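# Results of the structural survey
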Amino acid sequence: MKRLFWLLFLSLTFLRARERVAIPTIDLSLSAPSAPEQLVTSLNVLIVLTLLALASSLVFIMTSFLRLLIMISLPFKLLTFVVVDGWNLLVGNLVESFR
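Residues numbered from 1 in each chain as written. Predicted model: local features only at pLDDT ≥ 70, side-chain atom pairs only at ≥ 80, totals over all residues. Heavy atoms only, no water.

Where nonpolar side chains cluster on the molecular surface, the patch consists of Leu39, Leu43, Leu46, Ile47, Leu51 and Leu54 and spans about 580 Å² of accessible area. Here Leu39 shows up in helix H2 (residues 36–83). Residue class for Leu39 comes out partly exposed when judged on its relative accessible area of 43%. (Patch = residues over 30% accessible without salt bridge, like charges linked within 9 Å, V, L, I, M, F, W, Y side chains within 5 Å. Areas by Shrake-Rupley, 256 points an atom, 1.4 Å probe, with all protein chains shown as cover. Salt bridge = Lys/Arg side-chain N within 4 Å of Asp/Glu carboxyl O. Helix = DSSP H or I, 4+ residues; strand = E, 2+ residues; numbered from the N terminus. Buried < 20%, exposed > 50% of the residue type's maximum accessible area, 1.4 Å probe, protein only.)

What follows is the structure in structure tokens.
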């Protein structure tokens, strides 16, 4: 089984080696825009990147406030669960739902 796997793997590798694959090029040069559309596209990309950066920081700030609220409310929820005998109510209602 192992030999069959390696035979298939090597044959596919050699078949792919014969094919020519075009590798795209990336131009990172800075130049003045030759058309107004290029300037608009560049400004759109700049605006989108700025909004993405601000959105991520806003989400980070919101989650840190939520974490504080969750940590403050958790002991009260646990205390209420213990006081009203939550496990008995939970299991009792679960068993009752299957009848």
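From this point on, the discussion continues.
Before going further, it helps to examine the confidence of the model for the protein chain. Taken as a whole, the protein chain shows an average pLDDT of 80; of its residues, 83% reach a score of 70 or greater. Between the elements of the protein chain, mean pLDDT differs from a low of 68, seen in helix H1 (residues 2–18), to a high of 89, seen in helix H3 (residues 86–97). (pLDDT = per-residue confidence, 0-100.)

Below, the discussion takes up the packing of aromatic side chains. This model, assessed by the stated rule, comprises one aromatic pair. Considering the side-chain rings of Phe81 and Trp87, the 5.3 Å spacing of their centres and the 85° angle between planes classify their relative orientation as edge-to-face. (Phe/Tyr/Trp six-rings, centres within 6.5 Å; stacked < 30°, edge-to-face > 60°.)

Let's shift gears to unusual backbone geometry. Of note, Asp85 is a non-glycine position whose phi angle comes to about 55°, a positive value. By secondary structure assignment, the location of Asp85 is in the loop between H2 and H3. Take Asp85: its relative accessible area is 41%, and that puts it in the partly exposed class.

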